[in-house]
Amino acid sequence: DAGVTQSPTHLIKTRGQQVTLRCSPKSGHDTVSWYQQALGQGPQFIFQYYEEEERQRGNFPDRFSGHQFPNYSSELNVNALLLGDSALYLCASSLGGDGEAFFGQGTRLTVV
Amino acid sequence: LAKTTQPISMDSYEGQEVNITCSHNNIATNDYITWYQQFPSQGPRFIIQGYKTKVTNEVASLFIPADRKSSTLSLPRVSLSDTAVYYCLVGGLNSGGYQKVTFGTGTKLQVIP
(Lines give C-alpha, C1' and ligand atoms only; values in the text may rest on other atoms or scores of the structure.)
Protein backbone atom coordinates (compact mmCIF):
# COMPACT_ATOMS: atom_id res chain seq x y z
CA ASP A 1 0.00 0.00 0.00
CA ALA A 2 1.57 3.23 -1.15
CA GLY A 3 1.63 6.01 1.36
CA VAL A 4 1.31 9.66 0.46
CA THR A 5 3.12 10.43 -2.78
CA GLN A 6 4.12 13.86 -4.01
CA SER A 7 5.47 15.06 -7.34
CA PRO A 8 7.81 16.39 -8.39
CA THR A 9 10.44 15.84 -5.70
CA HIS A 10 12.45 18.90 -6.69
CA LEU A 11 11.60 21.95 -8.74
CA ILE A 12 13.36 25.16 -9.71
CA LYS A 13 11.29 28.13 -10.85
CA THR A 14 11.96 31.76 -11.69
CA ARG A 15 10.48 34.61 -9.69
CA GLY A 16 7.08 35.58 -11.07
CA GLN A 17 6.31 32.18 -12.53
CA GLN A 18 3.54 29.83 -11.49
CA VAL A 19 3.94 26.32 -10.10
CA THR A 20 1.69 23.30 -9.53
CA LEU A 21 2.53 20.60 -7.02
CA ARG A 22 0.71 17.29 -6.83
CA CYS A 23 -0.25 14.92 -4.06
CA SER A 24 -1.82 11.47 -3.98
CA PRO A 25 -3.18 10.57 -0.53
CA LYS A 26 -2.71 7.29 1.26
CA SER A 27 -5.20 4.69 0.11
CA GLY A 28 -8.50 5.08 1.94
CA HIS A 29 -7.86 8.68 2.99
CA ASP A 30 -10.22 11.45 1.95
CA THR A 31 -8.67 14.59 3.45
CA VAL A 32 -5.56 16.36 2.18
CA SER A 33 -3.65 19.16 3.89
CA TRP A 34 -0.76 21.20 2.53
CA TYR A 35 2.13 22.66 4.51
CA GLN A 36 5.05 24.94 3.74
CA GLN A 37 8.30 24.29 5.57
CA ALA A 38 11.08 26.86 5.32
CA LEU A 39 14.61 25.77 6.12
CA GLY A 40 15.06 25.29 9.86
CA GLN A 41 11.40 25.92 10.65
CA GLY A 42 8.43 23.74 11.46
CA PRO A 43 5.79 23.11 8.80
CA GLN A 44 3.23 25.89 8.42
CA PHE A 45 -0.36 24.98 7.56
CA ILE A 46 -1.55 26.30 4.18
CA PHE A 47 -4.99 24.73 3.69
CA GLN A 48 -6.99 21.54 3.89
CA TYR A 49 -9.30 19.92 1.35
CA TYR A 50 -12.18 17.55 1.90
CA GLU A 51 -14.85 16.53 -0.59
CA GLU A 52 -13.20 18.71 -3.22
CA GLU A 53 -13.64 21.84 -1.13
CA GLU A 54 -11.21 23.97 0.86
CA ARG A 55 -12.47 23.84 4.41
CA GLN A 56 -9.63 25.40 6.42
CA ARG A 57 -6.95 27.89 5.50
CA GLY A 58 -3.85 29.12 7.23
CA ASN A 59 -2.30 32.57 6.99
CA PHE A 60 -1.24 32.43 3.35
CA PRO A 61 -2.06 34.90 0.54
CA ASP A 62 -4.44 34.21 -2.29
CA ARG A 63 -1.47 33.42 -4.53
CA PHE A 64 -1.70 30.00 -2.90
CA SER A 65 -4.63 28.00 -4.18
CA GLY A 66 -5.53 24.37 -4.40
CA HIS A 67 -7.81 21.76 -5.73
CA GLN A 68 -8.97 18.30 -4.77
CA PHE A 69 -10.16 15.82 -7.36
CA PRO A 70 -12.88 13.14 -7.05
CA ASN A 71 -10.18 10.50 -6.44
CA TYR A 72 -9.03 12.60 -3.43
CA SER A 73 -5.72 13.60 -5.02
CA SER A 74 -4.83 17.24 -4.72
CA GLU A 75 -2.88 20.05 -6.30
CA LEU A 76 -1.25 23.11 -4.79
CA ASN A 77 -0.85 26.09 -7.09
CA VAL A 78 1.31 29.10 -6.35
CA ASN A 79 1.14 32.15 -8.61
CA ALA A 80 3.57 35.03 -8.99
CA LEU A 81 6.36 33.20 -7.20
CA LEU A 82 8.55 35.11 -4.78
CA LEU A 83 12.01 34.21 -3.58
CA GLY A 84 10.46 33.68 -0.14
CA ASP A 85 8.30 30.89 -1.50
CA SER A 86 11.37 28.65 -1.65
CA ALA A 87 10.62 25.83 0.78
CA LEU A 88 9.72 22.19 1.23
CA TYR A 89 6.02 21.74 0.48
CA LEU A 90 4.44 18.87 2.35
CA CYS A 91 1.18 17.10 1.72
CA ALA A 92 -0.55 15.16 4.48
CA SER A 93 -3.56 12.90 4.18
CA SER A 94 -5.98 11.61 6.76
CA LEU A 95 -9.34 9.95 7.04
CA GLY A 96 -11.89 12.50 8.01
CA GLY A 97 -11.33 15.54 10.14
CA ASP A 98 -9.55 14.01 13.09
CA GLY A 99 -7.63 11.08 11.69
CA GLU A 100 -3.89 10.61 12.10
CA ALA A 101 -2.06 12.63 9.44
CA PHE A 102 0.38 10.81 7.15
CA PHE A 103 2.92 12.98 5.37
CA GLY A 104 4.55 12.63 1.99
CA GLN A 105 8.24 13.19 1.32
CA GLY A 106 7.58 16.70 0.11
CA THR A 107 8.47 18.79 -2.93
CA ARG A 108 11.53 21.01 -2.64
CA LEU A 109 10.73 24.25 -4.47
CA THR A 110 13.53 26.68 -5.21
CA VAL A 111 12.66 30.10 -6.62
CA VAL A 112 15.53 31.95 -8.28
CA LEU B 1 -4.62 26.00 19.04
CA ALA B 2 -2.51 25.88 22.18
CA LYS B 3 1.05 27.11 21.72
CA THR B 4 3.82 24.67 22.57
CA THR B 5 7.31 25.28 23.93
CA GLN B 6 10.11 22.76 23.50
CA PRO B 7 13.88 22.87 23.91
CA ILE B 8 15.53 23.87 20.66
CA SER B 9 18.09 21.08 20.76
CA MET B 10 19.31 18.11 22.81
CA ASP B 11 22.31 15.79 22.66
CA SER B 12 22.36 12.19 23.86
CA TYR B 13 24.72 9.23 23.69
CA GLU B 14 23.70 6.03 21.98
CA GLY B 15 21.88 3.58 24.23
CA GLN B 16 20.59 6.21 26.61
CA GLU B 17 16.97 7.06 27.30
CA VAL B 18 15.96 10.47 26.02
CA ASN B 19 13.15 12.55 27.46
CA ILE B 20 11.88 15.59 25.59
CA THR B 21 9.45 17.80 27.48
CA CYS B 22 6.90 20.07 25.86
CA SER B 23 4.99 22.85 27.64
CA HIS B 24 1.43 23.64 26.60
CA ASN B 25 -0.08 25.78 29.33
CA ASN B 26 -3.16 26.75 27.31
CA ILE B 27 -4.23 23.27 26.31
CA ALA B 28 -7.98 22.96 25.85
CA THR B 29 -10.18 20.26 27.30
CA ASN B 30 -10.67 18.50 23.97
CA ASP B 31 -7.05 18.81 22.80
CA TYR B 32 -4.86 15.80 22.19
CA ILE B 33 -1.05 15.79 22.38
CA THR B 34 0.79 14.38 19.40
CA TRP B 35 4.47 13.92 18.63
CA TYR B 36 6.03 13.72 15.19
CA GLN B 37 9.57 12.87 14.06
CA GLN B 38 11.15 14.45 11.01
CA PHE B 39 14.37 13.59 9.22
CA PRO B 40 16.01 16.12 6.87
CA SER B 41 14.17 16.58 3.58
CA GLN B 42 11.43 14.14 4.59
CA GLY B 43 7.89 14.59 5.77
CA PRO B 44 7.09 14.31 9.49
CA ARG B 45 6.25 10.86 10.79
CA PHE B 46 3.70 10.20 13.53
CA ILE B 47 5.25 8.80 16.70
CA ILE B 48 2.62 8.79 19.42
CA GLN B 49 -0.53 10.52 20.62
CA GLY B 50 -2.18 10.79 24.00
CA TYR B 51 -4.80 12.63 26.03
CA LYS B 52 -3.80 11.97 29.64
CA THR B 53 -1.66 9.71 31.88
CA LYS B 54 0.69 7.45 29.94
CA VAL B 55 0.68 6.01 26.46
CA THR B 56 3.22 3.50 25.17
CA ASN B 57 3.80 2.02 21.75
CA GLU B 58 6.61 0.09 20.10
CA VAL B 59 8.83 3.14 19.64
CA ALA B 60 8.10 5.58 22.48
CA SER B 61 6.21 6.47 25.60
CA LEU B 62 4.27 9.64 26.29
CA PHE B 63 3.80 10.88 29.84
CA ILE B 64 1.09 13.45 30.55
CA PRO B 65 0.56 14.79 34.08
CA ALA B 66 -2.88 15.33 35.51
CA ASP B 67 -2.99 19.06 34.69
CA ARG B 68 -1.98 18.30 31.07
CA LYS B 69 0.04 21.52 30.87
CA SER B 70 3.09 19.62 29.75
CA SER B 71 4.02 16.28 28.25
CA THR B 72 7.19 14.23 27.95
CA LEU B 73 8.19 12.06 25.03
CA SER B 74 10.45 9.24 26.14
CA LEU B 75 12.65 7.39 23.65
CA PRO B 76 14.25 4.28 25.15
CA ARG B 77 17.85 3.38 24.23
CA VAL B 78 18.30 5.80 21.33
CA SER B 79 20.45 4.94 18.35
CA LEU B 80 22.15 7.11 15.75
CA SER B 81 19.10 6.70 13.51
CA ASP B 82 16.98 8.55 16.07
CA THR B 83 18.82 11.79 15.22
CA ALA B 84 15.98 13.97 13.97
CA VAL B 85 13.71 16.88 14.83
CA TYR B 86 10.86 16.03 17.17
CA TYR B 87 7.68 18.11 17.15
CA CYS B 88 5.11 18.38 19.90
CA LEU B 89 1.63 19.33 18.70
CA VAL B 90 -1.46 20.13 20.68
CA GLY B 91 -4.86 20.35 19.11
CA GLY B 92 -8.17 18.82 18.45
CA LEU B 93 -11.27 19.44 16.48
CA ASN B 94 -12.12 23.08 16.01
CA SER B 95 -15.60 24.54 16.13
CA GLY B 96 -16.18 23.45 12.57
CA GLY B 97 -15.34 19.87 13.43
CA TYR B 98 -12.08 19.94 11.51
CA GLN B 99 -8.60 19.25 12.79
CA LYS B 100 -5.67 21.42 11.87
CA VAL B 101 -2.21 20.13 12.67
CA THR B 102 0.01 23.01 13.72
CA PHE B 103 3.70 22.56 14.28
CA GLY B 104 6.08 24.54 16.47
CA THR B 105 9.82 24.82 15.95
CA GLY B 106 10.59 21.35 17.31
CA THR B 107 13.52 19.86 19.21
CA LYS B 108 16.58 18.82 17.27
CA LEU B 109 17.91 15.62 18.85
CA GLN B 110 21.51 14.69 18.08
CA VAL B 111 22.54 11.18 19.09
CA ILE B 112 26.26 10.82 19.65
CA PRO B 113 28.17 7.54 19.17
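It should be noted that the structure appears before, not after, this text.
Parameters and conventions
- Note that residues are indexed from 1 along each chain, following the sequence as it is written.
- Chains carry letters from A onward and ligands carry numbers from 1 onward, assigned in written order.
- With the structure being a predicted model, the display of local features is reserved for residues of pLDDT at least 70 and the display and counting of side-chain atom pairs for 80 or more, all residues being used for whole-chain, interface and lining totals.
- Note: side-chain values were computed over all heavy atoms of the structure, leaving out hydrogens and water.
- For the exposure calls, accessible area comes from a 1.4 Å probe over protein chains only, and a residue counts as buried if that area is under 20% of its type's maximum, exposed if over 50%, partly exposed in between.
- For helices the rule is a DSSP run of H or I covering at least 4 residues; for strands it is a run of E covering at least 2, with both sets numbered from the N terminus onward.
- Here the rule is simple: two strands pair whenever DSSP picks up at least two bridges between them.
- Only the contacting stretch of a helix is used when fitting its axis, a line to C-alpha atoms as for every element, and angles between N-to-C directions run 0 to 180 degrees.
- Counted as positive: Lys and Arg. Counted as negative: Asp and Glu. His and the chain ends are not counted at all.
- Salt bridges are identified by distance alone: a Lys or Arg side-chain nitrogen within 4 Å of an Asp or Glu carboxyl oxygen.
- Any pair of N or O atoms that falls within 3.5 Å is considered a polar contact. Within protein, one atom must be able to donate a hydrogen and the other to accept it, and sequence-neighbouring residues count only if both atoms are side-chain atoms.
- Two aromatic rings, drawn from Phe, Tyr or Trp (for Trp, its six-membered ring), form a pair once their centres lie within 6.5 Å of each other, and the interplanar angle then sorts them: stacked below 30 degrees, edge-to-face above 60, tilted otherwise.
- We call a charge positioned over a ring when the NZ of a Lys or the CZ of an Arg lies within 6 Å of the ring centre and within 35 degrees of the ring normal.
- By convention in this document, the label disulfide applies to cysteine sulfur atom pairs within 2.5 Å.

J.: Go over the pairing of strand S7 (residues 64–68) of chain A, please, and point to the residues and values.
T.: Residue and element names in this part refer to chain A. Judged by which residues are buried, S7 turns out to be one-sided: Phe64, Gly66 and Gln68 face inward and are buried, whereas Ser65 and His67, on the alternate face, are not. In this sheet, strand S8 (residues 74–78) lies alongside S7 in antiparallel orientation, the contact comprising five bridges. Each bridged residue has a counterpart across the sheet, and for His67 the counterpart in S8 is Glu75. What sits between the antiparallel neighbours S7 and S8 is a turn of five residues, in which Tyr72 has the positive phi angle 80 degrees.

J.: Just give me the short version of the pairing of strand S6 (residues 61–64) of chain B, but keep the residues and values in it.
T.: Residues and elements named next belong to chain B. Two strands pair when backbone bridges link them, and strand S5 (residues 53–56) and S6 are joined in this way by four bridges, in the antiparallel orientation. Its bridge partner being in S6, Val55 is matched across the sheet by Leu62. The antiparallel hairpin formed by S5 and S6 contains four residues in its connecting segment. As paired elements, S6 and strand S7 (residues 70–75) share three bridges and run antiparallel to each other.

J.: Help me get a handle on the sheet that holds S7 of chain B, residues and values and all.
T.: Residues and elements named next belong to chain B. Taken together, the four strands give an open sheet; going across it, the order is S2-S7-S6-S5, and neighbouring strands pair in antiparallel fashion. Either end of the sheet is taken by a strand with one partner, and the two such strands are strand S2 (18–23) and S5. Direction aside, the axes of adjacent strands within the sheet are offset by 15 degrees on average. Looking at chain direction, S2 and S7 are connected through six bridges and run antiparallel. The residue bridging Cys22 from the neighbouring strand is Ser71, located in S7.

J.: Requested: an account of the side chain of Asp30 of chain A, with residues and values cited.
T.: Residues and elements named next belong to chain A. Tracing the sequence through the fold places Asp30 in the loop between strand S3 (19–24) and strand S4 (31–37). Here Asp30 is buried and forms no salt bridge, its nearest opposite-charge partner Arg55 lying at an N-O distance of 6.3 Å. Polar contacts involving the side chain of Asp30 include one to the side chain of Thr31, which spans 2.9 Å.

J.: Go over the packing of aromatic side chains with me, naming the residues and quoting the values.
T.: Aromatic rings in a pair are described by how distant their centres are and how their planes are angled relative to each other. With the rule as written, the count across this model stands at seven aromatic pairs over all chains. Between the aromatic rings of Tyr36 of chain B and Phe46 of chain B, the centroid separation amounts to 6.0 Å while the plane-to-plane angle is 85 degrees, which identifies the pairing as edge-to-face. Of the two residues, Tyr36 of chain B sits in strand S3 (residues 32–38) while Phe46 of chain B sits in strand S4 (residues 45–50), which places them 10 residues apart along the sequence. A network of ring pairs unites the aromatic residues Tyr35, Phe45 and Phe103 of chain A together with Tyr36 and Phe46 of chain B as a single cluster. Above the plane of the ring of Phe102 of chain A lies Lys26 of chain A, whose end atom (NZ or CZ) is 5.1 Å from the centre. Arg68 of chain B extends its terminal NZ or CZ atom over the ring of Tyr51 of chain B, reaching a point 3.9 Å from the ring centre.

J.: Provide a residue-level description of the state of the cysteines, including the pertinent values.
T.: Residues and elements named next belong to chain A. Taken as a whole and assessed by the stated rule, the structure comprises two disulfides over all chains. Bridging Cys23 to Cys91, the disulfide has an S-S length of 1.8 Å. Taking the torsion about the sulfur-sulfur bond, which here is approximately -60 degrees, the covalent link between Cys23 and Cys91 counts as left-handed. In this pair, Cys23 sits in strand S3 while Cys91 sits in strand S9 (residues 87–94), placing the two residues 68 residues apart along the sequence. Neither Cys23 nor Cys91 differs from the other in exposure class; each is buried.

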